[in-house]
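Chain by chain, the residues run as shown.
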Amino acid sequence: AAGVIQSPRHLIKEKRETATLKCYPIPRHDTVYWYQQGPGQDPQFLISFYEKMQSDKGSIPDRFSAQQFSDYHSELNMSSLELGDSALYFCASSSPSVGDRGGNEQFFGPGTRLTVL
Amino acid sequence: GQSLEQPSEVTAVEGAIVQINCTYQTSGFYGLSWYQQHDGGAPTFLSYNALDGLEETGRFSSFLSRSDSYGYLLLQELQMKDSASYFCAVRPPGRRALTFGSGTRLQVQP
């Protein structure tokens, strides 16, 4: 079965540089989510898109932006990188809701490990 | 807002049964989900309780009591591969994103 694809898997950047993370959701899933997970922490929600429109916003810094394209893939753009941005970034997708289970069952990609030096 | 509390660590032996609790304070939610995450891996969906009561999926069961603001994940016949972090999560009304609990690191010993 197809899974969520993220690229790159690992990324090393210097402070103040920019980074772009890509996510390809499972086909026919209508919602894409971005999460940030620091070492030993729980995943923190950043932003989500429903049918290519931003649907929800969490603790995403103003330095970050995201969008979802016509082919449903999504990109997280990160500028003016700081040391504290070093984390695992997960993309997840969910299928059209059947009752309320759809949004509660999210399928996560393998993540992008970003290291800022 | 939402706040979900879990024990930080639990240790058990192979073949045993372990219960991971989740207590929450939330203004409302659609149900309680559980995710498993191995070190360096992605969270993987385990179970979802929309209603009060017990949901069973193989060796894993999950329970929810809205009146007690409490839920738990029960793992039976523990295997070494069950060593991982376990997160409870809720989806607040009107939102599609999950709010995760603090996570419980389960260590299964031989």
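Definitions and limits used
- Residues numbered from 1 in each chain as written.
- Chains lettered and ligands numbered in written order.
- Predicted model: local features only at pLDDT ≥ 70, side-chain atom pairs only at ≥ 80, totals over all residues.
- Heavy atoms only, no water.
- Disulfide = S-S within 2.5 Å.
- Helix = DSSP H or I, 4+ residues; strand = E, 2+ residues; numbered from the N terminus.
- Buried < 20%, exposed > 50% of the residue type's maximum accessible area, 1.4 Å probe, protein only.
- Pairing = 2+ DSSP bridges.
- Polar contact = N/O pair within 3.5 Å; in protein donor to acceptor, adjacent residues only side chain to side chain.
- Contact = heavy atoms within 4.5 Å.
- Buried area = accessible area lost by both parts, 1.4 Å probe.
- Salt bridge = Lys/Arg side-chain N within 4 Å of Asp/Glu carboxyl O.
- Nonpolar A, V, L, I, M, F, W, Y, C, P; charged D, E, K, R; others polar.

(A) The arrangement of the state of the cysteines in detail. The final tally for this structure, using the stated rule, is two disulfides over all chains. Sulfur-sulfur distance for the disulfide between A:Cys23 and A:Cys91 comes to 1.8 Å. Taking the torsion about the sulfur-sulfur bond, which here is approximately -55°, the covalent link between A:Cys23 and A:Cys91 counts as left-handed. In this pair, A:Cys23 sits in strand 3 (residues 19-24) while A:Cys91 sits in strand 9 (residues 87-94), placing the two residues 68 residues apart along the sequence. Through a disulfide, B:Cys22 is tied to B:Cys88; the S-S separation comes to 2.1 Å. Torsion about the S-S bond of the B:Cys22 and B:Cys88 cystine: about 75°, corresponding to right-handed handedness. Taken together, the residues B:Cys22 in strand 3 (residues 18-26) and B:Cys88 in strand 9 (residues 84-90) connect sequence positions 66 residues apart. B:Cys88 gets classed as buried once you look at its relative accessible area, which sits at 0%.

(B) Structural view of the pairing of strand 3 of chain B. All names here are of chain B. As paired elements, strand 1 (residues 2-5) and strand 3 share four bridges and run antiparallel to each other. Residue pairing in the sheet places Ser3 in a bridge with Gln25 of strand 3. Pairing of strand 3 with strand 8 (residues 70-75) involves six bridges; the strand directions are antiparallel. By the bridge assignment, Ile20 is partnered in strand 8 with Leu73.

(C) Quick peek at the environment of B:Thr57. Residue and element names in this part refer to chain B. For Thr57, the location among the structural elements is in strand 6 (residues 53-57). Classification of Thr57 as partly exposed rests on a relative accessible area of 47%. In the structure, Thr57 is positioned 47 residues away from Val10 in sequence and 21 Å away in space, judged by C-alpha atoms.

(D) View of the pairing of strand 9 of chain B. Residues and elements named next belong to chain B. Along strand 9, seven of the seven residues are buried, which leaves the element largely enclosed by surrounding structure. The alternating pattern of strand 9 places Ala84, Tyr86, Cys88 and Val90 and Ser85, Phe87 and Ala89 on opposite faces, both of which are buried. Inspection of the sheet shows strand 4 (residues 32-37) paired to strand 9 by six bridges, in the antiparallel sense. Each bridged residue has a counterpart across the sheet, and for Leu32 the counterpart in strand 9 is Val90. With three bridges joining them, strand 9 and strand 11 (residues 104-109) adopt antiparallel strand pairing.

(E) Fine view of the side chain of A:Gln36. Residue and element names in this part refer to chain A. Mapped onto the secondary structure, Gln36 falls in strand 4 (residues 31-37). Separated by 2.8 Å, the side chains of Gln36 and Tyr89 make a polar contact. Gln36 has contacts with Asp42, Pro43, Gln44, Leu46, Asp85, Ala87, Leu88 and Tyr89, leaving out every residue within four places of it along the chain.

(F) Examining the interface of chain A and chain B more closely. Contact residues are listed per partner, giving 26 residues for chain A and 21 residues for chain B. The contact between chain A and chain B buries some 1900 Å² in all, and 50% of this surface belongs to carbon and sulfur atoms. Summed over the shared surface of chain A and chain B, the result is zero salt bridges. Within the residue set of the side of chain A that touches chain B, elements represented by two or more residues are strand 4, strand 5 (44-50), strand 6 (53-57) and helix 1 (101-104) of chain A. A per-element tally of the side of chain A that touches chain B places strand 4 of chain A first, with four residues. When the residues that make up the side of chain A that touches chain B are grouped by side-chain class, the tally is eight nonpolar, ten polar and eight charged.

The quantities given are spatial measurements derived from coordinates; they are silent on function.
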